[in-house]
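# Structural characterization, general
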Amino acid sequence: MVIPAYNEAENIPAVLESIPLGELAEAGWTTEVIVVDNASTDGTGDLARQHGAKVVFQPEPGYGNAYKAGFQAASGEVIATGDADRTYPFDMLPQLLDVLVEQDVEFMTTDRLHPANRESMKDSHFLANHVLSLVSRVLFRHQLKDSQSGMWIFRSHVWSGLDVRSPGMAFSQEIKNAAVRAKYRVLEVPIEYRPRGGEVKLKALADGLGNLGSLLEHRLRRPEPEAVAAVPGPRAAVIPTQTTPGKSECVLTATTES
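Quantities reported herein were computed from a predicted structural model and do not represent experimental measurements.

### Points about the overall build of the protein
Each helix and strand counted, the protein has ten helices and seven strands in total. Counting only contacts in the protein whose residues sit at least 6 apart along the sequence, the fraction spanning at least 24 positions is 80%. Looking at the protein as shown, the accessible area adds up to about 11500 Å², and 55% of this sits on carbon and sulfur atoms.

### Topic: the pairing of strand β7 (residues 186-190)
Counting buried positions along β7 yields five of five residues, so the element is predominantly enclosed. Neither face of β7 is left uncovered, since the one carrying Val186, Glu188 and Pro190 and the one carrying Leu187 and Val189 both have all their residues buried. Pairing of strand β5 (residues 107-111) with β7, which is carried by five bridges, proceeds in the parallel orientation. When the sheet's bridge partners are listed, Met108 is paired in β7 with Leu187.

### A few points about the sheet that holds strand β2 (residues 34-37)
Spatially, three strands are ordered β1-β2-β3 in an open sheet, and the strand pairing comes out parallel. Strands with a single pairing partner mark the edges of an open sheet, and in this sheet they are β1 (2-5) and β3 (54-57). Each neighbouring strand pair of the sheet contributes to a mean axis angle of 25°, computed without reference to strand direction. Of the strands in this sheet, β1, β2 and β3 touch helix α4 (residues 63-73), which is tilted by about 145° from β1.

### A few points about a negative patch on the surface
A surface patch of negative charge is lined by Glu23, Glu26, Asp98 and Glu102. Position of Glu102 among the secondary structure elements: in helix α5 (residues 93-102). The exposure class assigned to Glu102 is exposed, which follows from its relative accessible area of 66%.

Parameters and conventions
- Per-chain numbering applies: the sequence of each chain, read as written, is numbered from 1 onward.
- With pLDDT at 70 or above as the cut-off, local features in this predicted model cover only qualifying residues; side-chain atom pairs require 80 or more to be listed or tallied, and sums for whole chains, interfaces and linings still use all residues.
- As a rule here, side-chain values cover all heavy atoms of the structure and leave hydrogens and water aside.
- Helix and strand definitions follow DSSP, with helices as H or I runs of at least four residues and strands as E runs of at least two, each counted in order from the N terminus.
- Residue contacts are counted whenever heavy atoms from the two residues lie within 4.5 Å of one another.
- Using a 1.4 Å probe, the Shrake-Rupley method yields the accessible areas, and only the shown protein chains count as cover for residues.
- Per-residue accessibility, obtained with a 1.4 Å probe over protein chains only, is compared with the maximum for each type, and a residue is labelled buried under 20%, exposed over 50%, and partly exposed between these values.
- Two strands are said to pair when DSSP picks up at least two bridges between them.
- Structural elements are reduced to axes, namely lines fitted to C-alpha atoms, with helices fitted over the stretch in contact, and the angle between N-to-C directions of any two is expressed from 0 to 180 degrees.
- Like-charged residues are merged into a patch within 9 Å and nonpolar side chains (Val, Leu, Ile, Met, Phe, Trp, Tyr) within 5 Å, provided each residue has over 30% relative accessible area and no salt bridge.
- Just to be clear on terms, a salt bridge is a Lys or Arg side-chain nitrogen sitting within 4 Å of an Asp or Glu carboxyl oxygen.
- We treat Lys and Arg as the positive residues and Asp and Glu as the negative residues; His and chain ends play no part in the count.
- Where a charge lies is defined by one atom per residue type, namely NZ (Lys), CZ (Arg), CG (Asp) and CD (Glu).

Rendered as structure tokens:
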């Protein structure tokens, strides 16, 4: 499990305590929790260690840079992600992993943009998410409803087959679109999205325009030769599905299988 964190001392204890380690162990999962301290100044890394997480320090600022450091440090066969701000339901991880295994998914992403979550997101963020998701669908010819969700669960071999370059917030949309482009078995499921704890760091206009530019650059980009070579054989087409969100489907985040 990889969780990027920048100045999340207010939230990180509750986030780590919400991971159902006992339930995961009963289901046969060995869980490795990695918090990537993205040069925090409020003691986030120390608090994460106190709560049992492995802490990786990434001095280079940026959401994408944090994830790259975390993925490099992860040792499991399955990697799951989620933000350190209490917005994602880590407590539903066991059910989400069941879906990953039962449906033989390689890359699972999540949809926050359904009506049940409307009150958990600012109007400007809600609109920007929909616009960017629409542009992603048009440019990359898929049906994923939420291009900006920060929660994914994927098999570790997928990362070696992707050409993902963004150092910042665009990393989230880029990893999804790269998985589609590489023809991995991709599934999207609806999740519960909760109100953020602490300070909101996202800047809707600036980050939205930056992500829009990154979408266009990614669509026109020629893939790196090594990324193409790393894709292990032919893959199935993307088959996103949507169900009515409920307790059994509202899953989120990350872990490692041994």
